[in-house]
Amino acid sequence: MKILITGACGFVGNCLVEALLENCEGLEIIGLDNLSRAGSEINRSNFKKQGVTFIHGDIRSISDLETIPPVDWVIDAAANPSVLAGKDGSTSSRQLIENNLYGTVNLLEFCKQHKAGFILLSTSRVYALKELSSIPIVTDGTHFSVNQTATLPQGLTVNGISENFSTTPPLSLYGNTKLASENLAIEYSDAFDFPLWINRCGVLAGKGQFGRPDQGILAYWVHSWAQKKPLRYIGFEGKGLQTRDFLHPKDLVSVIKKQINHIGRGQKPIISNFSGGIHSARSLLEMSNWCENRFGPHEVTSDLSPRPFDIPWMILDSQQAKKEWDWEPTTPFEDIIEEIAQHSETHPTWLDLSIA
Ligand SMILES: NC(=O)c1ccc[n+]([C@@H]2O[C@H](COP(=O)([O-])OP(=O)(O)OC[C@H]3O[C@@H](n4cnc5c(N)ncnc54)[C@H](O)[C@@H]3O)[C@@H](O)[C@H]2O)c1
């Protein structure tokens, strides 16, 4: 089987290349990346020994895609993945939409032409910002959690946000490029009859992530702590109680293997959440406590000013993936953070590379 992985030099794309090669026999992988993410260049060097064909190309460019031979599946991991993209001045809103939406359309045209299946790595940020911001929250002083005694909105349970939580805009420019990509992928798959899976992922984390304050937070936090670089709790009273769950991208391989070999259409939902879930959820403060035990003390300052699109709490519920795909996350939070800690010890200048 031949697979095109876009964004193959990025954190998730590269992790999937490695884990798919380890876990699937007879796979031929073509990796494509425009190397726009600071640090992504470093992942290119392994491809030759892994037997991966690398194409330095851009999903926005039709002529770059024309050079790619037919494949059985496209896994799309090329995007600007920051929730602040298009808003924070580092990229324009038009650039964001060109990369994340028009790029997807070009890949869908590619799938249409070659009858290739499409796997879109989507995000928990497709869920509605207003509804997420107004989830009733309580705290025990270490993290935020949902107030279970309050009336909860549709799609929210003790397990987190499920697929039927509202996706009504505004979401964020980033979130909406992914939601629009999802919608167009469903239209193309239906109109031109090729298989499609949309995997809505919660926060992904692991060693080798190009962490920044706005994206790749766990890697950013651990590397910064290890190197005694400045850290801030931003917004939400500056106490670091904002809470997320964490999933290692290699845990996605077990379901991707099933998806690319699945025969029959319409028997399973196209869209599913994939996440670390409630057991992997931690606040920034809890991450700091872990880092203090591992690396010793370090000061974190508070910045009370709110950040656009920020939310106090997000835990994604992947009960549907368990039911439909017999899928569960397998890498516990402690293993993910320890993996990053060890990486920070062997790569002390990693943040210089990824924030460049
Ligand atoms: N990291 C997360 O927490 C997370 C969570 C949910 C979904 N996702 C999705 O997973 C995918 C990968 O995210 P990541 O964390 O690996 O980000 P990343 O920035 O590490 O990787 C993205 C890669 O895509 C490349 N790229 C960007 N625009 C491109 C273009 N126009 N043409 C070709 N290559 C291009 C970049 O150079 C980079 O190597 C994204 O689609 C993102 O939306 C990520």
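This text follows the structure it describes.
Keep in mind the model is a prediction, meaning the values are calculated, not measured.

Definitions and cut-offs
Residues numbered from 1 in each chain as written. Predicted model: local features only at pLDDT ≥ 70, side-chain atom pairs only at ≥ 80, totals over all residues. Heavy atoms only, no water. Buried < 20%, exposed > 50% of the residue type's maximum accessible area, 1.4 Å probe, protein only. Helix = DSSP H or I, 4+ residues; strand = E, 2+ residues; numbered from the N terminus. Pairing = 2+ DSSP bridges. Right-handed = clockwise from strand over helix to strand, strands pointing away. Axes fitted to C-alpha atoms, helices over the stretch in contact; angles between N-to-C directions. Contact = heavy atoms within 4.5 Å. Near = heavy atom within 4 Å. Polar contact = N/O pair within 3.5 Å; in protein donor to acceptor, adjacent residues only side chain to side chain. Areas by Shrake-Rupley, 256 points an atom, 1.4 Å probe, with all protein chains shown as cover. Nonpolar A, V, L, I, M, F, W, Y, C, P; charged D, E, K, R; others polar. Core = buried A, V, L, I, M, F, W, Y, C linked by side-chain atoms within 4.5 Å.

## Looking at the pairing of strand β5 (residues 117-123)
Point 1. Across the 7 residues of β5, 7 count as buried, placing the element largely inside the fold.
Point 2. Residues Gly-117, Ile-119, Leu-121 and Thr-123 point to one face of β5 and Phe-118, Leu-120 and Ser-122 to the other, with burial holding for every one of them.
Point 3. In the sheet, strand β4 (residues 73-76) pairs with β5 via 4 bridges, with the strands oriented parallel. Residue pairing in the sheet places Trp-73 in a bridge with Gly-117 of β5.
Point 4. In this view, the connection linking β4 to its parallel neighbour β5 by way of helix α4 (residues 93-114) has right-handed handedness.

## As for the sheet that holds strand β3 (residues 53-56)
Point 1. In space, the 7 strands of this open sheet follow the order β3-β2-β1-β4-β5-β10-β15, with parallel pairing throughout. Both outer strands of the open sheet, β3 and β15 (271-274), are each paired with one neighbouring strand and no more. Each strand axis lies, on average, 20° off the axis of its neighbour in the sheet, ignoring direction.
Point 2. Across the face of the sheet, α4 comes into contact with β1 (2-6), β4 and β5 while running at roughly 160° to β5.
Point 3. Seen against the sheet, helix α6 (residues 173-192) touches β5, β10 (196-201) and β15 and runs at an angle of roughly 155° to β5.

## Quick word on the sheet that holds strand β18 (residues 313-314)
Point 1. One open sheet accounts for 3 strands, arranged β16-β13-β18; its pairing is mixed. This sheet does not close on itself; its edge strands, each paired only once, are β16 (282-283) and β18.
Point 2. Alignment of strand β13 (residues 243-244) against β16, held across 2 bridges, turns out to be antiparallel. Bridge pairing in β16 places Arg-244 opposite Arg-282.

## Quick notes on the site of the ligand
Point 1. As a matter of local geometry, the ligand sits amid 33 residues, with Val-12, Asp-33, Asn-99, Tyr-174 and Lys-178 nearest to it.
Point 2. Here Arg-37 contributes a side-chain N or O atom positioned 2.9 Å from an oxygen atom of the ligand.
Point 3. Between the ligand and Leu-204 there is a distance of 2.9 Å, counted from an oxygen atom to a backbone nitrogen or oxygen.
Point 4. In isolation the ligand has 830 Å² of accessible area, and contact with the protein removes 97% of it.
Point 5. Within the residue set of the shell around the ligand, elements represented by two or more residues are α1 (11-23), β2 (28-33), β5, α6 and β11 (203-204).
Point 6. The biggest single contributor to the shell around the ligand is β5, with 3 residues.
Point 7. Its residues assigned to classes, the shell around the ligand comprises 16 nonpolar, 12 polar and 5 charged.

## Details of the nonpolar core
Point 1. Ranked by internal contacts, the top residues of the largest apolar core, which has 34 residues, are Ile-5, Leu-16, Leu-20, Ile-75, Leu-252, Ile-256 and Phe-274.
Point 2. Contributions of two or more residues to this core are made by β1, α1, β4, β5, β10, α8 (253-261) and α10 (319-325).
Point 3. No other element matches the 6 residues that α1 contributes to this core.
Point 4. Apart from residues lying up to four places away in sequence, Ile-75 is in contact with Ile-3, Leu-4, Ile-5, Thr-6, Leu-16, Leu-20, Ile-119 and Ile-256.

## A few points about the pairing of β1
Point 1. Counting buried positions over the 5 residues of β1 gives 4, a clear majority of the element.
Point 2. In this structure, β1 lies alongside β2, joined through 5 bridges in parallel fashion. Across the sheet, Ile-3 pairs through a bridge with Ile-29, a residue of β2.
Point 3. Taking the sense of rotation as the criterion, the β-α-β connection linking β1, α1 and β2 turns out right-handed.
Point 4. Here β1 runs beside β4; their pairing, made up of 4 bridges, is parallel. Note on β4: the bridge partner recorded for Ile-3 is Trp-73.

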